[in-house]
Structures are given as C-alpha cells and as structure tokens.
Amino acid sequence: MKEVKIGLLGCGTVGTGVAKILLERSELIRSRVGAKLVLKNVADLDRETDRGIRFEDGVFISDAFQVVDDPEIDIIVEMIGGETIAKKLMMRAIENGKHIVTANKALLAAHGNEIFQAASRKGVDIGFEASVGGCMPIIKTIRESLVGNRISEMTGILNGTCNYILSSITETGVPFADALRKAQEKGFAEADPTLDIEGFDTAHKLALLSSLAYGMELNLDDIYVEGISNIDSLDIEFAKQSGYTIKLLAISKFSGDSVEARVHPTMIPSGNLLSNVSGSLNAVSVTGDAVGEIILHGYGAGMMPTASAVIGDIVDIARNLMLGISNRIPGLSYQPQNIRKIPVKPMDDIMTHYYFRFSALDRPGVLARIAGLLGDHGISIQTVHQRGRDAKGAVPIVMVTHIAKEADVMNAMDQISSLDAIADTPVLIRIESDDMD
Ligand code: HSE
C-alpha cells in the first residue's frame, strides 16, 4: 500500500489535534483514501508539555528545518503561525518540492502572492482550508463547488474569539475581559489576542476569500478594519431593544471593477441567520449568480474542528500524489495569469445604514441641532430614541439612519462631536440590512 509521509511543524492546539486524528484514526483515513498517511516527524521547541499523545521514538523532534529538508517527506503541515519563521520554513519546503498544508492566514494574507507564485512554479499544492472559518469548507466551496458562478458578495462571521465575546455579553452580560479570558482558555484565540479583538484576524481571512472569489491579487493593506474593543454593553442592549444583534462582520462586495472589503462591528436584524450564530461558531454567506445565496456554518476555532479541515487538505494532496498529479486546482482559485489587481473601494464611498449614539446634555434645541447637522450632510434619520438622564446629566440619543454615504457621516460626526452639548465621543455602528432605502 502506498504511504504518504507527513511532517508536522508546530504542536500547539491545532497541531495536537492534527497529530491525534492522524494517529488515532489512521484506519478510518486509510479505508477512505487507500493510502497510509504516516506522521513521520513532529517538530516543536516545547517537548515538555503533555499533549495526551504517545509518539513513537524519534518522531517528536525540535528542529523544524530537519523536517522540511527530509527527502522522504511529501507534505509539510505548518502549524507554527506567525510570519517570520513559518515563512522561512514554508518557502524552503516549497523549494524542496514539498506540498504544504497550513492554517496560517496571517502569513498567506500578507505574503500569499509570493508564496502561491513560488508554489505554482515548483508545481506543489498549498492547502489552507483551516485558515478561514475553522472546520467550514469555505475554500473548497469557492475554489471548486462554485467555479461556475460569478461571486458578487460574501458576508461572514470569521473570528470565533470575537463571536464568543459578543455572544457572551449579549446573552449573559459578562464583562468583556472575562469573556476574552474564557475564549483564550478554550484555545480559540490567537497567541496575540489583539489580532482577534482588533479585527485583524478577520481581515486576513477576508483578504483570502476576496482573492479566491474575485480573482484579485491578495490585498490586505486596503481592507478597512475596526475591532470590537470599543463595543459598549449599552450599545448591545440598545441594539437588542431595536431588533438588532451586533456581530463582527467581514463584508466583501464585488461590483465588476472594484471590491468593497471591510471588517467592523455591524448591526444585523435579529431575524437574520447570521444573528443566531453564537459562541465560537462562524458562518459565511456567499452570493453567486447561478447559485443564489448559500451559507456555511460551523466551528471557526478550536482544536478538533480546525484539525478536521487540515486533515481534509492532507487527504486531497495524498490523493493527488497517488495519481501522480499536482496543481489540479490553482491555489488562489484562478489560473495565476488570470489573477489581476482589483482596487478596493475607499471607505469614504461606501453606502449603508448607521446607528449613532450621542451622549447629549438634556437642553432645549440639542436634538434639533444634531438632526440639523445630519440633514445638512444629506443624512436622513429613520428612527430616533432619547432615554432618561444618566448620572452626568447627559442623555443617550440613539438614531438609525436611512442609507447614507460614509464620507458624509464622518463629516457630520466631526461637527456634532464639537457641539458644547455633546458630552462624549459619539458611537457609530454600521448596519447591514436588506432595506435599500
Ligand atoms: N483566533 C481565531 C478565532 C482562530 O478566534 O477565530 C481561528 O482562525
């Protein structure tokens, strides 16, 4: 029976899950694939932690370069993360003609153009299903299942940590810091959790999905990113009362000559399917011109869900190896010569609904001044609520607008913030809804 030899770099949360599946379910996999997947080496500097796995002698080593230089190894599974050493190892493995499986969205989003070009030149495959949406097969869906569609839009909840935090605050009112600590304990968060809560992890994933869906060069720098660290439980409460749920959304829309690509806390109507995606679950909706809208839903983080996606990629490559083929499916979904630079639309030009919360002194004429300035900028108010006074004598004035242009909203906010009657920086949350008015 054919053997496919695997070298695993990094045995943290997801790496451990990958090793567990390869070792504990080898018969299940062999019976499906018709080849034996052999975990030849696992490299990690930490050889002390008990991972609950018994490796045979000589399998667990500390030198990752020894693994990528081993001529017997067919597939390198990179689970180290980060952009420095992981990139060095990946490029060397590609140079050595090895296929790659990775969950490293930060590395691919920032350096993917170079990495995928190198892989295509060497005729090796890069599987990265686990880099977006944990277990959800979103990359396979875009690269393979939807190949006959022009994709026009994707909306996703793509960070388990943020979704866990927002859901916990919404459902039980726990403080932000407690919810973050729990997400870290459960192994959802990145080594540096600011990547999660400031929205960058979601932006890495959105850059990858946009490239795959539209055939655009990876472009992380032009994605607008705003995280959840400034979300106040008061706004979660107001949102709930107005029939909305706050989620950190990745939004991508393709008009034919430019792409809207943005990550920010977003209010969505509470009946919307995405509003019910809670905890570390992720979901992504994709709209194609043949298929309409489809939604994938599943665990976006955590040991075994993410490892499940890694194993799927390993098996795809193993099947290719058995047939003696590679590069059957282009890494970034389009043939390399057909990938083009597509500009990302400036944030100032986007049009959407907005939620504002002003903290205003309860004096005659204040509401009229705010409404007047919004009107001066062509912003039309859909609903307005004023609540009772708080301890500072200020009142929260909550407004939802009709569709408005971001640049107009920003100009209006600048002027409203400088009014004497405004006690605090206004809060602005964008709304996604089907209402085009
Ligand atoms: N830190 C990520 C998350 C892990 O919380 O979703 C999966 O990419």
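Preceding block: the structure.
All values derive from a computational prediction rather than experimental measurement. (Residues numbered from 1 in each chain as written. Predicted model: local features only at pLDDT ≥ 70, side-chain atom pairs only at ≥ 80, totals over all residues. Heavy atoms only, no water.)

Peer 1: Which parts of the structure should I look at to understand the pattern of salt bridges?
Peer 2: When the charged atoms of two side chains lie near each other, side chains of opposite charge can form a pair. All chains considered together, the criterion is met by 24 salt bridges. With its nearest N and O atoms 3.6 Å apart, the salt bridge here joins Glu144 to Lys140. Residue Glu144 and its partner Lys140 are located together in helix α6 (residues 138-145), separated by 4 residues, close to a single helical turn. By relative accessible area, which is 26% here, Glu144 ends up partly exposed. (Salt bridge = Lys/Arg side-chain N within 4 Å of Asp/Glu carboxyl O. Helix = DSSP H or I, 4+ residues; strand = E, 2+ residues; numbered from the N terminus. Buried < 20%, exposed > 50% of the residue type's maximum accessible area, 1.4 Å probe, protein only.)

Peer 1: Which parts of the structure should I look at to understand the environment of Gly372?
Peer 2: When you line up the elements, Gly372 lands in helix α13 (residues 366-376). The class for Gly372 is partly exposed, based on a relative accessible area of 30%. In the structure, Gly372 is positioned 44 residues away from Ile416 in sequence and 9.8 Å away in space, judged by C-alpha atoms.

Peer 1: Before we go on, may I ask you to explain the side chain of Glu432 in this structure?
Peer 2: On the secondary structure map, Glu432 appears in the segment after β17 (427-431). A polar atom in the side chain of Glu432 sits 3.2 Å from the side chain of Lys253. A distance of 3.4 Å separates a polar atom in the side chain of Glu432 from a polar atom in the side chain of Arg262. In this structure, Glu432 is in contact with Leu249, Ile251, Lys253, Arg262, Thr266, Met267, Ile268, Pro269 and Thr352, ignoring residues within four places of it in sequence. (Polar contact = N/O pair within 3.5 Å; in protein donor to acceptor, adjacent residues only side chain to side chain. Contact = heavy atoms within 4.5 Å.)

Peer 1: What exactly am I supposed to notice about the site of the ligand here?
Peer 2: The ligand sits among Lys105, Asn159, Gly160, Thr161, Phe188, Ala189, Glu190, Asp196, Asp201, Lys205, Gly300 and Ala301. Note that an oxygen atom of the ligand is positioned 2.7 Å from one of the side-chain N or O atoms of Lys105. Side-chain polar atom of Asp196 to a nitrogen atom of the ligand: 2.7 Å apart, as the coordinates give it. When isolated, the ligand has an accessible area of 260 Å², and the protein chains bury 94% of it. Its atoms largely coinciding with the cavity grid, the ligand occupies the largest pocket. Elements with a contribution of two residues or more to the shell around the ligand: α7 (160-172) and α10 (200-214). A class-by-class count of the residues in the shell around the ligand yields 3 nonpolar, 4 polar and 5 charged. (Near = heavy atom within 4 Å. Areas by Shrake-Rupley, 256 points an atom, 1.4 Å probe, with all protein chains shown as cover. 1 Å grid on protein atoms, 1.4 Å probe; cavity = no way out; pocket = protein on both sides within 12 Å on 5 of 7 lines; lining within 4 Å. Sits in = over half its atoms within 2 Å of the grid points. Nonpolar A, V, L, I, M, F, W, Y, C, P; charged D, E, K, R; others polar.)

Peer 1: Please clarify how the packing of helix α2 (residues 26-33) against helix α12 (residues 303-323) should be interpreted in this entry.
Peer 2: Two quantities define a packed helix pair, namely the angle between the axes and the distance from one axis to the other. Packing of α2 against α12 leaves a shortest axis separation of 11 Å and a crossing angle of 45°. In terms of orientation, α2 and α12 fall into the oblique class. Crossing of α2 against α12: the hand is right-handed. Residue-level contacts link Ile29, Arg32 and Val33 of α2 to Ile311, Val315, Ala318, Arg319 and Met322 of α12. The class makeup of the residues in the contact of α2 with α12 is 6 nonpolar, no polar and 2 charged. (Axes fitted to C-alpha atoms, helices over the stretch in contact; angles between N-to-C directions. Parallel < 35°, antiparallel > 145°, perpendicular 65-115°, else oblique. Left-handed = near helix turned anticlockwise from the far one by under 90°.)

Peer 1: What am I meant to see in unusual backbone geometry here?
Peer 2: Both trends apply: most residues other than glycine have a negative phi, and most peptide bonds are in trans. A positive phi angle is found at Asn327, which is not glycine, with a value near 55°. The residue Asn327 is located in the loop between α12 and β13 (351-361) in this model. Unlike most non-glycine residues, Ser333 shows phi in positive territory, near 80°.

Peer 1: Explanation requested: the layout of surface pockets in the structure shown.
Peer 2: Any empty space left between the atoms is revealed when a probe the size of a water molecule rolls over them. Of the pockets and cavities examined, the largest pocket occupies roughly 760 Å³. The wall of the largest pocket is formed by 40 residues, among which Val14, Lys105, Ala189, Glu190 and Ala191 lie closest to the centre. Counting only elements with at least two residues in the lining of the largest pocket, the list comes to α1 (13-24), α5 (105-122), α7, α9 (194-197) and α10. No other element matches α1, which puts 3 residues into the lining of the largest pocket. Here the residues of the lining of the largest pocket are counted per class, giving 14 nonpolar, 18 polar and 8 charged. Looking at which domains feed residues into the lining of the largest pocket, each of domain 1 (3-135 + 303-338) and domain 2 (138-299) gives three or more. (Points joined across faces, edges and corners; volume = space filled by probe spheres on them. Domains from an automatic or database assignment.)

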